[in-house]
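Coordinates in review
Below are the chains, spelled out letter by letter.
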Amino acid sequence: MPSDGRTPPRWWLLLRSQGLGLLCGQLAVLLLGLGSVVLAATREGASAAVQLDDLRAFFAPPSAWHLWLYLLIVVLVVYGLNTALCTWHSTLRKWRSGQRSPSAHAPAVLHLAFLVALVAHLVGGLGGGEQPPLVLTTTAWTRLDPQRRARLLTLQLDHHPDGSLRQARARLALAEGSAGREVELRYNQPVVLAAGTRLLLLAGVFQQPGLPPEIALRVREAPGTPWALAAALLLLVGLVLLHRRWW
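Here the structure is a predicted model, which is why all the values come from computation and not from measurement.

Rules used in this analysis
- Residue positions are counted from 1 within each chain, in the order its sequence is given.
- Whole-chain, interface and lining totals are the exception, using all residues; otherwise, since this is a predicted model, local features are given only for residues with pLDDT of at least 70 and side-chain atom pairs are given and counted only at 80 or more.
- Water and hydrogen atoms were dropped before computing side-chain values, which therefore reflect all heavy atoms in the structure.
- Axes here refer to lines fitted to C-alpha atoms; in helices the fit is confined to the stretch in contact. Angles between the N-to-C directions go from 0 to 180 degrees.
- Here a helix means four or more residues in a row that DSSP labels H or I, a strand means two or more in a row labelled E, and each is numbered from the N terminus.
- For classification purposes, angles smaller than 35 degrees are called roughly parallel, those larger than 145 roughly antiparallel, those between 65 and 115 roughly perpendicular, and all remaining angles oblique.
- When the near helix sits turned anticlockwise from the far one by under a right angle, the crossing is termed left-handed; a clockwise turn instead gives a right-handed crossing.
- We call two residues in contact when some of their heavy atoms are within 4.5 Å.
- By the convention adopted, Pro, Cys, Tyr, Trp, Phe, Met, Ile, Leu, Val and Ala count as nonpolar, Lys, Arg, Asp and Glu as charged, and the other residues, Gly among them, as polar.
- One bridge is not enough; two strands pair if DSSP finds at least two bridges between them.
- In this analysis, the expected span of each helix is defined as 1.5 Å times one less than the number of residues it contains.
- The classification of residues rests on relative accessible area computed with a 1.4 Å probe and restricted to protein chains. Under 20% of the type maximum is buried, over 50% is exposed, and intermediate values are partly exposed.

Where helix α3 (residues 67-96) meets helix α4 (residues 106-127), the axes come as close as 10 Å, and the angle between the chain directions of the two elements is 155°. With respect to α4, the element α3 is oriented roughly antiparallel. Crossing of α3 against α4: the hand is left-handed. On the side of α3, the interface is formed by L76, Y79, G80, T83, A84, T87, T91 and K94, while α4 contributes P107, A108, H111, F114, L115 and L118. Looking at side-chain class alone, the contact of α3 with α4 contains eight nonpolar, five polar and one charged residues.

Here it is as C-alpha cells:
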C-alpha cells in the first residue's frame, strides 16, 4: 500500500477512485440486462443447462453467448477491489482525523455488506447445485446424505373446487445421527438444514387409492446462504448506524 508520506501512483488513485466504482456499477447493470436477453434467447441452446444461480453451467463448456457473464465477472472483481480500497482509505482518513463515532463509519459497513454479498454470489454460484430427485415413502427410510435420513409420515392434499391441486403438506421424520425430529414440507416452503446450506424442496406428490403415498424430493445445496445472511445483517447494521442522517 502506498505510504501516506508519498504521492500515490496514478494507477493506485484510479483503482480506488469513486469514478471507477460508478463506471463498474453502470457496466454491471448493462451486462446483467444484456444477460437476461441472451438467456431468454438461448434457453433451448447454449443456456439450456443454466439453472438458478449455478455458475458452473456457463463454463461446461464455455460459449461465446456467455461472453456477457465472463465480462461481468471481471467487472465485479474490479468493482469489489475498488470498493475495498475506497472503504479502507475513507475509514483510515476518518479515523486519523478524529471521526470515531459509529455513525461516521456507517458507509464503510454498507460497503462491507456489498463485498460480503459478492462473496455470497460467488460461493453459491460455484458450490451450489441439486442432487437427483429422491422418492420418499412411508415404508422405508431414504438417505439424503451421509448424516441424514428421511421418511414420509403423512401426506395431506388440498384441492381447488375444480379438483386441481392447491397445496400439499408432507410430514417427514428426519434422522440426523442419533437424533430425530419431525418437519413439515410444502410447496414453496422448504425444509432448511445445515444453517441454510441445504434445502429440501417438494417436487411432486403421488397418492393413489389403495397404495401408500409417496413424494418426490429435491435436495438443493446452497453454500452461499450463510454469506447472504451475513451481508443482510451488515446492511441492517449500516442502516441503523445511519439513523442520524435519516432526517
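Pairing between strand β3 (residues 142-145) and strand β4 (residues 148-159): three bridges, direction antiparallel. Bridge pairing links D145 to R148 in β4. The antiparallel hairpin formed by β4 and strand β5 (residues 165-176) contains five residues in its connecting segment, where G163 sits at a positive phi of about 95°.

Moving on to unusual backbone geometry. Cis geometry marks the peptide bond from A60 to P61, where omega comes out at -10°. Position of P61 among the secondary structure elements: in the loop between α2 (18-41) and α3. Even without being a glycine, N188 presents a positive backbone phi close to 65°. Tracing the backbone through its elements, the reader meets N188 in the loop between β6 (179-186) and β7 (191-193).

Below, the discussion takes up α4. End to end, α4 covers 31 Å across 22 residues, agreeing with the expected 32 Å (1.5 Å per residue, within 8%). For α4, the complete set of buried residues consists of A106, A108, V109, A113, V116, A120, G124 and G125. Positive backbone phi, at 155°, marks G129, one or two positions downstream of α4.

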